[in-house]
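# Notes for the structure review
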Amino acid sequence: FREGKNELRLDFDHEKASISGISANEFGSTLKTAIQGSIPTKYIDDGKEVDIKVRFRVEDRAQLSQIFEYLIPGKENSPYMSSLVHSSEGESESK
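In this report, the structure presented in the accompanying data block is examined.

Thresholds applied
- Residues numbered from 1 in each chain as written.
- Predicted model: local features only at pLDDT ≥ 70, side-chain atom pairs only at ≥ 80, totals over all residues.
- Heavy atoms only, no water.
- Helix = DSSP H or I, 4+ residues; strand = E, 2+ residues; numbered from the N terminus.
- Rg over C-alpha atoms; globule rule 2.2 N^0.38 Å.
- Contact = heavy atoms within 4.5 Å.
- Areas by Shrake-Rupley, 256 points an atom, 1.4 Å probe, with all protein chains shown as cover.
- Lys, Arg positive; Asp, Glu negative; His and termini not counted.
- Charge placed at Lys NZ, Arg CZ, Asp CG, Glu CD.
- Buried < 20%, exposed > 50% of the residue type's maximum accessible area, 1.4 Å probe, protein only.
- Polar contact = N/O pair within 3.5 Å; in protein donor to acceptor, adjacent residues only side chain to side chain.
- Expected span 1.5 Å × (residues − 1).
- Arc of directions from axis to C-beta.
- Phe/Tyr/Trp six-rings, centres within 6.5 Å; stacked < 30°, edge-to-face > 60°.

### Brief notes about the overall build of the protein
What the protein contains, in helices and strands, is three helices and four strands. Taken from the N to the C terminus, the helices and strands of the protein come in the order β-α-α-β-β-α-β. Whereas a compact globule of 95 residues would reach a radius of gyration of roughly 12 Å, the protein reaches 17 Å, over 25% beyond that. Overall, the protein is about 50 × 45 × 25 Å in size when its C-alpha atoms are taken along their principal axes. Pairs at least 24 residues apart make up 55% of the contacts formed inside the protein by residues separated by at least 6 positions. Total accessible area on the protein is roughly 7,300 Å²; 48% of this is exposed by carbon and sulfur atoms. Across the protein, the 13 positively charged side chains and the 17 negatively charged ones have centroids separated by 6 Å.

Have a look at this one:
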């Protein structure tokens, strides 16, 4: 076995999220968009297809705590992302 890597475990609170009308999939997609970005659409420029990538500005995603202060839009209300997860740090298993 090799030494594991540091990891941050996020446990999604389904009960709190359901009150706001937010699914685990919606939360995960929002988190992924914030950090890595997503490509919701494309446009054609001179016959070339160009991806439109959306993500948080570098200064708004430098720390995970900044991302967790984002209000995630729900069907009933818009809670802070931090209110929907419990986080813990650890080390991942590695083979």
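### Focus: the side chain of Ser 20
One can find Ser 20 in helix 1 (residues 14–20). Look at Ser 20 and you get buried, because its relative accessible area is 4%. For Ser 20, the side chain forms a polar contact with the side chain of Asn 77, separated by 2.7 Å. Setting aside chain neighbours within four positions, we find Ser 20 in contact with Gly 74, Lys 75, Glu 76, Asn 77 and Pro 79.

### A few points about helix 2 (residues 24–35)
The end-to-end C-alpha distance of helix 2 is 17 Å, a good match for the 16 Å that twelve residues give at a rise of 1.5 Å each. Here helix 2 has its buried residues at Phe 27, Leu 31, Thr 33 and Ala 34. Projection of helix 2 onto a plane perpendicular to its axis shows the buried side chains occupying an angular sector of 160°, all on one side. Those residues of helix 2 that are buried lie in contact with strand 1 (6–12), strand 2 (38–45), strand 3 (48–54), helix 3 (64–68) and strand 4 (85–91).

### Quick notes on the packing of aromatic side chains
This structure, assessed with the given rule, holds two aromatic pairs. Ring centres of Phe 12 and Phe 27 lie 5.4 Å apart, and the angle between their planes is 50°; on these two criteria the pair is classed as tilted. Taken together, the residues span a long stretch of sequence, with Phe 12 in strand 1 and Phe 27 in helix 2 at a distance of 15 residues. Looking at Phe 12, the relative accessible area reads 18%, which means it is buried. Relative accessible area serves as the criterion here: at 5%, Phe 27 is assigned to the buried category.

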